[in-house]
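Fold and geometry: a report
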Amino acid sequence: MPETIESGSGEEIPFTLGAEAATVEAVAREILGVADGRVDSPEFVAAARDAWEHLPASLRQEIRRFRRHSGPRGRLLIRGLPVGDETRDTPSAAGSVQRESTVAAATLLMVACGLGDPAGFRQEKSGALVHDVVPVAGLEEFQGNAGSVLLSFHTENAFHEHRPDYVMLLCLRADHEGVAGTRTACVREVLDLLSPAVRKQLSFPEYVTEAPPSFGDGCAGALHHPVLGGAWDDPDLRVDFAATRATTEEGAAALAELGALFERVSSSSELRPGDLVIVDNHVTAHGRTAFTPRYDGRDRWLQRSFALTALRRSRGRRPDDGYVLVE
(Lines give C-alpha, C1' and ligand atoms only; values in the text may rest on other atoms or scores of the structure.)
Protein backbone atom coordinates (compact mmCIF):
# COMPACT_ATOMS: atom_id res chain seq x y z
CA MET A 1 0.00 0.00 0.00
CA PRO A 2 1.21 3.57 -0.64
CA GLU A 3 2.56 5.46 2.34
CA THR A 4 1.07 8.60 3.84
CA ILE A 5 2.54 12.06 3.58
CA GLU A 6 3.33 12.61 7.28
CA SER A 7 4.68 10.25 9.90
CA GLY A 8 3.66 10.49 13.53
CA SER A 9 6.70 12.66 14.25
CA GLY A 10 5.82 15.11 11.48
CA GLU A 11 8.63 13.90 9.22
CA GLU A 12 7.68 13.89 5.56
CA ILE A 13 7.20 10.47 4.02
CA PRO A 14 6.69 10.35 0.24
CA PHE A 15 3.51 8.88 -1.16
CA THR A 16 5.00 5.97 -3.11
CA LEU A 17 3.28 4.07 -5.88
CA GLY A 18 4.15 0.41 -6.21
CA ALA A 19 2.44 -1.92 -8.64
CA GLU A 20 -0.24 0.74 -9.16
CA ALA A 21 2.23 2.68 -11.31
CA ALA A 22 1.41 0.27 -14.13
CA THR A 23 -2.22 1.37 -13.96
CA VAL A 24 -1.22 5.03 -14.19
CA GLU A 25 0.90 4.33 -17.26
CA ALA A 26 -1.85 2.30 -18.92
CA VAL A 27 -4.38 5.10 -18.37
CA ALA A 28 -1.92 7.69 -19.71
CA ARG A 29 -1.22 5.65 -22.83
CA GLU A 30 -4.93 5.38 -23.60
CA ILE A 31 -5.16 9.12 -24.27
CA LEU A 32 -1.88 9.69 -26.12
CA GLY A 33 -3.57 9.71 -29.54
CA VAL A 34 -6.35 12.18 -28.64
CA ALA A 35 -6.31 15.29 -30.86
CA ASP A 36 -3.33 13.83 -32.71
CA GLY A 37 -1.38 13.99 -29.46
CA ARG A 38 -1.57 17.79 -29.12
CA VAL A 39 -1.40 18.18 -25.34
CA ASP A 40 -2.35 21.88 -25.43
CA SER A 41 -5.62 21.22 -27.23
CA PRO A 42 -8.97 21.42 -25.37
CA GLU A 43 -9.72 17.89 -26.56
CA PHE A 44 -6.59 16.47 -24.95
CA VAL A 45 -7.28 18.28 -21.69
CA ALA A 46 -10.84 16.96 -21.72
CA ALA A 47 -9.52 13.43 -22.21
CA ALA A 48 -7.07 13.93 -19.33
CA ARG A 49 -9.93 15.10 -17.12
CA ASP A 50 -11.93 11.97 -17.88
CA ALA A 51 -8.86 9.75 -17.51
CA TRP A 52 -8.18 11.14 -14.02
CA GLU A 53 -11.19 9.17 -12.80
CA HIS A 54 -9.50 5.93 -13.85
CA LEU A 55 -6.29 6.47 -11.91
CA PRO A 56 -5.76 4.34 -8.78
CA ALA A 57 -8.14 5.38 -6.00
CA SER A 58 -5.33 5.70 -3.45
CA LEU A 59 -3.53 8.26 -5.64
CA ARG A 60 -6.69 10.26 -6.28
CA GLN A 61 -7.56 10.27 -2.57
CA GLU A 62 -4.09 11.49 -1.57
CA ILE A 63 -4.18 14.34 -4.08
CA ARG A 64 -7.69 15.36 -3.04
CA ARG A 65 -6.69 15.39 0.62
CA PHE A 66 -3.75 17.58 -0.28
CA ARG A 67 -6.01 19.94 -2.22
CA ARG A 68 -8.29 20.36 0.82
CA HIS A 69 -5.38 21.05 3.15
CA SER A 70 -1.77 20.93 2.06
CA GLY A 71 -0.34 20.25 5.51
CA PRO A 72 2.43 21.98 7.47
CA ARG A 73 4.85 22.04 4.52
CA GLY A 74 2.46 22.82 1.69
CA ARG A 75 3.98 20.18 -0.58
CA LEU A 76 3.27 16.64 -1.64
CA LEU A 77 6.02 14.32 -2.89
CA ILE A 78 4.82 11.38 -4.99
CA ARG A 79 7.29 8.71 -6.06
CA GLY A 80 7.09 5.93 -8.60
CA LEU A 81 5.05 7.65 -11.31
CA PRO A 82 5.63 6.47 -14.89
CA VAL A 83 7.54 8.72 -17.27
CA GLY A 84 7.61 6.32 -20.22
CA ASP A 85 10.67 5.08 -22.04
CA GLU A 86 12.29 8.50 -22.21
CA THR A 87 15.41 8.10 -24.34
CA ARG A 88 15.46 11.54 -25.96
CA ASP A 89 18.22 13.97 -25.16
CA THR A 90 17.44 16.56 -22.54
CA PRO A 91 16.19 19.66 -24.39
CA SER A 92 18.78 22.42 -24.51
CA ALA A 93 16.95 25.42 -25.97
CA ALA A 94 15.58 28.32 -23.92
CA GLY A 95 11.79 28.23 -23.74
CA SER A 96 11.58 24.49 -24.44
CA VAL A 97 8.11 22.98 -23.97
CA GLN A 98 6.30 19.68 -24.51
CA ARG A 99 3.68 20.05 -27.23
CA GLU A 100 3.36 16.38 -28.23
CA SER A 101 1.81 13.73 -26.02
CA THR A 102 4.02 11.54 -23.86
CA VAL A 103 3.31 9.42 -20.81
CA ALA A 104 4.88 12.09 -18.59
CA ALA A 105 2.89 14.95 -20.12
CA ALA A 106 -0.37 12.99 -19.92
CA THR A 107 0.33 12.13 -16.29
CA LEU A 108 0.97 15.79 -15.42
CA LEU A 109 -2.25 16.93 -17.05
CA MET A 110 -4.29 14.19 -15.37
CA VAL A 111 -2.97 15.32 -11.98
CA ALA A 112 -3.63 18.95 -12.90
CA CYS A 113 -7.24 18.02 -13.63
CA GLY A 114 -7.46 16.33 -10.23
CA LEU A 115 -6.25 19.52 -8.55
CA GLY A 116 -8.39 21.85 -10.67
CA ASP A 117 -7.67 22.78 -14.28
CA PRO A 118 -4.35 23.08 -16.13
CA ALA A 119 -3.33 26.59 -17.10
CA GLY A 120 -0.59 28.37 -18.99
CA PHE A 121 0.52 31.98 -19.54
CA ARG A 122 0.94 33.28 -23.09
CA GLN A 123 4.04 35.31 -22.24
CA GLU A 124 5.74 32.41 -20.46
CA LYS A 125 6.86 29.38 -22.45
CA SER A 126 4.57 30.51 -25.31
CA GLY A 127 1.47 29.46 -23.39
CA ALA A 128 2.28 25.75 -23.29
CA LEU A 129 0.63 23.63 -20.60
CA VAL A 130 3.71 21.42 -20.08
CA HIS A 131 7.11 23.10 -19.70
CA ASP A 132 10.60 21.67 -19.86
CA VAL A 133 12.72 22.72 -16.88
CA VAL A 134 16.26 22.24 -18.15
CA PRO A 135 19.62 24.01 -17.94
CA VAL A 136 20.49 26.16 -20.93
CA ALA A 137 24.08 26.98 -21.90
CA GLY A 138 24.87 30.63 -21.32
CA LEU A 139 21.99 31.08 -18.84
CA GLU A 140 23.66 29.54 -15.80
CA GLU A 141 23.12 32.70 -13.70
CA PHE A 142 19.49 33.06 -14.78
CA GLN A 143 17.00 33.28 -11.91
CA GLY A 144 14.52 30.97 -13.58
CA ASN A 145 14.05 27.43 -14.82
CA ALA A 146 16.87 27.70 -17.41
CA GLY A 147 19.54 28.48 -14.82
CA SER A 148 21.74 26.20 -12.75
CA VAL A 149 22.92 28.47 -9.91
CA LEU A 150 21.01 28.61 -6.64
CA LEU A 151 17.41 29.54 -7.48
CA SER A 152 15.97 31.77 -4.78
CA PHE A 153 12.70 31.04 -3.02
CA HIS A 154 9.60 32.30 -4.78
CA THR A 155 5.91 31.71 -5.12
CA GLU A 156 5.25 31.03 -8.80
CA ASN A 157 4.30 34.13 -10.81
CA ALA A 158 3.91 36.12 -7.60
CA PHE A 159 3.30 39.28 -9.63
CA HIS A 160 0.21 37.90 -11.37
CA GLU A 161 -3.40 38.35 -10.29
CA HIS A 162 -4.11 34.75 -11.29
CA ARG A 163 -0.90 33.05 -10.17
CA PRO A 164 -1.12 29.25 -10.14
CA ASP A 165 -2.75 27.55 -7.18
CA TYR A 166 -0.47 24.54 -7.60
CA VAL A 167 2.89 23.97 -9.27
CA MET A 168 3.79 20.44 -10.36
CA LEU A 169 7.36 19.35 -11.08
CA LEU A 170 7.87 15.85 -12.50
CA CYS A 171 11.41 14.47 -12.84
CA LEU A 172 12.29 12.72 -16.09
CA ARG A 173 16.07 12.74 -15.54
CA ALA A 174 18.25 13.68 -12.56
CA ASP A 175 21.41 15.75 -12.85
CA HIS A 176 24.66 13.83 -13.31
CA GLU A 177 25.85 14.13 -9.71
CA GLY A 178 22.39 13.83 -8.16
CA VAL A 179 22.86 17.01 -6.14
CA ALA A 180 20.19 19.32 -7.55
CA GLY A 181 17.63 19.70 -4.79
CA THR A 182 14.09 21.03 -5.19
CA ARG A 183 13.70 23.27 -2.16
CA THR A 184 10.52 24.38 -0.40
CA ALA A 185 9.70 26.56 2.58
CA CYS A 186 6.16 27.04 3.90
CA VAL A 187 4.82 30.10 5.66
CA ARG A 188 3.09 27.75 8.12
CA GLU A 189 6.52 26.61 9.29
CA VAL A 190 7.66 30.13 10.22
CA LEU A 191 4.55 31.82 11.59
CA ASP A 192 5.46 31.14 15.21
CA LEU A 193 9.07 32.17 14.55
CA LEU A 194 8.27 35.61 13.14
CA SER A 195 8.30 38.46 15.61
CA PRO A 196 4.86 40.10 15.99
CA ALA A 197 6.13 43.37 14.58
CA VAL A 198 7.60 41.70 11.49
CA ARG A 199 4.50 39.63 10.90
CA LYS A 200 2.39 42.80 11.03
CA GLN A 201 4.79 44.59 8.69
CA LEU A 202 4.54 41.79 6.13
CA SER A 203 0.77 42.23 6.08
CA PHE A 204 1.02 45.82 4.83
CA PRO A 205 0.74 46.48 1.06
CA GLU A 206 4.27 47.84 0.93
CA TYR A 207 5.78 45.39 -1.56
CA VAL A 208 6.02 45.26 -5.33
CA THR A 209 6.87 42.16 -7.36
CA GLU A 210 8.07 42.41 -10.95
CA ALA A 211 7.38 39.78 -13.58
CA PRO A 212 10.12 37.11 -13.72
CA PRO A 213 12.62 37.09 -16.60
CA SER A 214 10.83 34.07 -18.09
CA PHE A 215 7.95 36.40 -19.06
CA GLY A 216 10.23 38.54 -21.20
CA ASP A 217 10.05 42.30 -21.62
CA GLY A 218 6.95 44.44 -21.49
CA CYS A 219 5.07 42.56 -18.79
CA ALA A 220 3.78 44.84 -16.04
CA GLY A 221 4.63 43.99 -12.46
CA ALA A 222 2.14 43.64 -9.64
CA LEU A 223 0.58 46.55 -7.81
CA HIS A 224 1.54 47.13 -4.21
CA HIS A 225 0.69 44.02 -2.22
CA PRO A 226 1.29 42.42 1.18
CA VAL A 227 3.64 39.46 1.48
CA LEU A 228 1.22 37.83 3.95
CA GLY A 229 -2.49 38.19 3.32
CA GLY A 230 -5.80 36.51 4.04
CA ALA A 231 -6.41 34.68 7.32
CA TRP A 232 -4.20 35.79 10.20
CA ASP A 233 -3.83 32.25 11.54
CA ASP A 234 -3.09 30.71 8.11
CA PRO A 235 -2.01 33.48 5.74
CA ASP A 236 -1.42 33.34 2.02
CA LEU A 237 2.09 34.04 0.79
CA ARG A 238 3.08 36.24 -2.17
CA VAL A 239 6.82 36.74 -2.57
CA ASP A 240 9.74 36.28 -4.95
CA PHE A 241 13.04 36.97 -3.23
CA ALA A 242 14.66 37.74 -6.59
CA ALA A 243 11.88 40.10 -7.73
CA THR A 244 9.95 41.43 -4.71
CA ARG A 245 11.08 44.75 -3.28
CA ALA A 246 9.88 46.64 -0.24
CA THR A 247 8.94 50.31 -0.53
CA THR A 248 9.94 51.12 3.07
CA GLU A 249 12.97 50.37 5.22
CA GLU A 250 10.78 48.57 7.74
CA GLY A 251 9.35 46.43 4.96
CA ALA A 252 12.81 45.56 3.70
CA ALA A 253 13.91 44.45 7.17
CA ALA A 254 10.79 42.31 7.56
CA LEU A 255 11.37 40.69 4.18
CA ALA A 256 14.95 39.90 5.14
CA GLU A 257 13.80 38.23 8.37
CA LEU A 258 11.30 36.12 6.47
CA GLY A 259 13.97 35.07 3.99
CA ALA A 260 16.34 34.05 6.78
CA LEU A 261 13.63 31.95 8.41
CA PHE A 262 12.81 30.26 5.11
CA GLU A 263 16.45 29.23 4.84
CA ARG A 264 16.25 27.87 8.38
CA VAL A 265 13.16 25.69 7.87
CA SER A 266 13.58 24.75 4.21
CA SER A 267 13.36 21.18 2.92
CA SER A 268 15.18 19.83 -0.13
CA SER A 269 14.55 16.75 -2.26
CA GLU A 270 16.93 15.39 -4.90
CA LEU A 271 14.35 14.20 -7.40
CA ARG A 272 14.72 10.96 -9.33
CA PRO A 273 12.83 9.87 -12.46
CA GLY A 274 9.17 9.35 -11.57
CA ASP A 275 9.23 11.76 -8.61
CA LEU A 276 6.53 14.44 -8.64
CA VAL A 277 6.50 17.42 -6.28
CA ILE A 278 3.22 19.32 -5.97
CA VAL A 279 3.61 22.73 -4.33
CA ASP A 280 0.72 24.66 -2.78
CA ASN A 281 1.54 28.03 -4.32
CA HIS A 282 -0.61 29.90 -1.79
CA VAL A 283 1.53 29.03 1.22
CA THR A 284 4.82 27.55 0.00
CA ALA A 285 7.77 29.06 -1.82
CA HIS A 286 10.08 26.86 -3.85
CA GLY A 287 13.55 27.04 -5.35
CA ARG A 288 16.50 24.85 -6.32
CA THR A 289 20.04 24.21 -5.19
CA ALA A 290 22.91 24.75 -7.61
CA PHE A 291 24.24 22.03 -9.92
CA THR A 292 26.72 21.74 -12.78
CA PRO A 293 25.28 20.92 -16.22
CA ARG A 294 27.40 19.14 -18.81
CA TYR A 295 25.25 19.97 -21.86
CA ASP A 296 25.75 16.44 -23.15
CA GLY A 297 22.10 15.51 -23.67
CA ARG A 298 21.86 13.79 -20.27
CA ASP A 299 21.34 16.82 -18.04
CA ARG A 300 18.63 17.27 -15.44
CA TRP A 301 15.15 17.33 -16.98
CA LEU A 302 11.95 18.16 -15.15
CA GLN A 303 8.58 18.91 -16.66
CA ARG A 304 6.30 21.48 -15.07
CA SER A 305 2.58 22.22 -15.17
CA PHE A 306 0.31 24.62 -13.31
CA ALA A 307 -3.22 24.14 -11.97
CA LEU A 308 -5.93 26.66 -11.12
CA THR A 309 -8.69 25.60 -8.73
CA ALA A 310 -11.21 28.25 -9.87
CA LEU A 311 -10.72 28.66 -13.60
CA ARG A 312 -13.76 30.92 -13.95
CA ARG A 313 -12.04 33.74 -12.05
CA SER A 314 -9.59 34.21 -14.91
CA ARG A 315 -12.22 34.06 -17.68
CA GLY A 316 -11.50 37.61 -18.81
CA ARG A 317 -7.87 36.69 -19.44
CA ARG A 318 -8.56 33.44 -21.34
CA PRO A 319 -9.66 33.84 -24.98
CA ASP A 320 -12.34 31.41 -26.12
CA ASP A 321 -12.54 29.97 -22.59
CA GLY A 322 -9.26 28.16 -23.18
CA TYR A 323 -6.51 27.29 -20.75
CA VAL A 324 -4.01 30.04 -21.63
CA LEU A 325 -4.03 33.39 -19.85
CA VAL A 326 -2.98 36.52 -21.72
CA GLU A 327 -2.05 39.92 -20.34
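Before any of the text, the structure's been laid out above.
Reference entry: report on the structure contained in this document. What you see is a predicted model; the values in this text were computed from it and never measured.

Given two aromatic rings, one states the distance between the centres and the angle between the planes to describe the pair. Taken as a whole and judged by the stated rule, the model has 4 aromatic pairs. For the ring pair Phe121 and Phe306, a centre distance of 6.0 Å and an interplane angle of 70 degrees mean the geometry is edge-to-face. Linking Phe121 in strand S3 (residues 117–121) with Phe306 in strand S15 (residues 301–308), this pair joins segments that are 185 residues apart in sequence. For the pair Phe121 and Phe306, one class covers both residues: buried.

Time to look at the layout of surface pockets. Considered as a void within the structure, the largest pocket measures approximately 380 Å³ in volume. Along the walls of the largest pocket sit 26 residues, with Gly144, Asn145, Leu151, His154 and Glu156 positioned nearest its centre. Secondary-structure elements contributing two or more residues to the lining of the largest pocket are strand S5 (151–154), strand S14 (284–288) and S15. Of the residues that constitute the lining of the largest pocket, the class distribution is 9 nonpolar, 11 polar and 6 charged. Estimated volume of the second largest pocket: approximately 260 Å³. Looking at the second largest pocket, it is lined by 14 residues, and the ones nearest its centre are Arg67, Tyr166, Arg188, Asp280 and His282. With 3 residues, the top contributor of residues to the lining of the second largest pocket is helix H3 (residues 57–68). Of the residues assigned to the lining of the second largest pocket, the class counts are 3 nonpolar, 4 polar and 7 charged.

Their axes nearest at 8 Å, the elements helix H2 (residues 42–52) and helix H4 (residues 103–115) cross at an angle of 70 degrees. Relative to H4, the element H2 is oriented roughly perpendicular. Where H2 abuts H4, its residues Phe44, Val45, Ala48, Arg49, Ala51 and Trp52 lie against Ala106, Leu109, Met110, Val111, Cys113 and Gly114. A breakdown of the residues in the contact of H2 with H4 according to their chemical character gives 10 nonpolar, 1 polar and 1 charged.

For the rest of this paragraph, the subject is the packing of helix H1 (residues 21–30) against H4. Working note: a packed helix pair is described by the angle between its axes plus the distance between those axes. The N-to-C vectors of H1 and H4 enclose an angle of 100 degrees; their axes lie 9 Å apart at closest approach. Between H1 and H4, the angle is such that the two are roughly perpendicular. Residues Val24, Glu25, Val27, Ala28 and Arg29 of H1 form the contact with H4, whose participating residues are Val103, Ala106, Thr107 and Met110. The residue inventory of the contact of H1 with H4, partitioned by class, reads 6 nonpolar, 1 polar and 2 charged.

Below, the discussion takes up the pairing of strand S6 (residues 166–173). Summarising burial for S6: 8 of the 8 residues are buried, a large majority. Examined bridge by bridge, S6 and strand S13 (residues 276–280) share 5 bridges and lie antiparallel to one another. Paired with Val167 across the strands is Val279, a residue of S13. Of the pairings in the sheet, the one linking S6 to S15 comprises 7 bridges and is antiparallel in character. Its bridge partner being in S15, Leu169 is matched across the sheet by Arg304.

Right, let's get into the sheet that holds strand S12 (residues 267–269). A sheet is described by the order of its strands in space; here 4 strands give the open sequence S5-S14-S7-S12, paired in antiparallel fashion. Two strands lie at the open edges of the sheet, namely S5 and S12, each paired on one side alone. On average, each strand axis in the sheet is tilted by 20 degrees relative to the strand beside it, whichever way the strands run. Taken together, the 2 bridges between S5 and S14 define a ladder with antiparallel strand orientation. Bridging from a neighbouring strand, His154 pairs with His286 of S14. Across the sheet, helix H7 (residues 249–265) touches S5, strand S7 (182–186), S12 and S14, and the angle it forms with S7 is around 120 degrees.

Turning next to the nonpolar core. Counting 64 residues, the largest nonpolar core has Leu59, Ile78, Met168, Leu276 and Ile278 as its most contacted members. Examining the composition of this core, we find that 11 residues originate from one element, H4, more than from any other. In this structure, Phe153, Cys186, Val198 and Ala285 belong to the second largest nonpolar core, which totals 22 residues.

Here the focus is the pattern of salt bridges. The full count for this structure, using the stated rule, is 16 salt bridges. With its nearest N and O atoms 2.6 Å apart, the salt bridge here joins Arg183 to Glu263. A residue pair is termed long-range when its members are at least 10 positions apart, and Arg183 in strand S7 and Glu263 in helix H7 qualify at 80 residues. With a relative accessible area of 8%, Arg183 lands in the buried category. The structure contains a network of salt bridges with shared partners spanning Glu124, Glu156 and Arg304.

Calculation notes
Residues numbered from 1 in each chain as written. Predicted model: local features only at pLDDT ≥ 70, side-chain atom pairs only at ≥ 80, totals over all residues. Heavy atoms only, no water. Phe/Tyr/Trp six-rings, centres within 6.5 Å; stacked < 30°, edge-to-face > 60°. Helix = DSSP H or I, 4+ residues; strand = E, 2+ residues; numbered from the N terminus. Buried < 20%, exposed > 50% of the residue type's maximum accessible area, 1.4 Å probe, protein only. 1 Å grid on protein atoms, 1.4 Å probe; cavity = no way out; pocket = protein on both sides within 12 Å on 5 of 7 lines; lining within 4 Å. Points joined across faces, edges and corners; volume = space filled by probe spheres on them. Nonpolar A, V, L, I, M, F, W, Y, C, P; charged D, E, K, R; others polar. Axes fitted to C-alpha atoms, helices over the stretch in contact; angles between N-to-C directions. Parallel < 35°, antiparallel > 145°, perpendicular 65-115°, else oblique. Contact = heavy atoms within 4.5 Å. Pairing = 2+ DSSP bridges. Core = buried A, V, L, I, M, F, W, Y, C linked by side-chain atoms within 4.5 Å. Salt bridge = Lys/Arg side-chain N within 4 Å of Asp/Glu carboxyl O.

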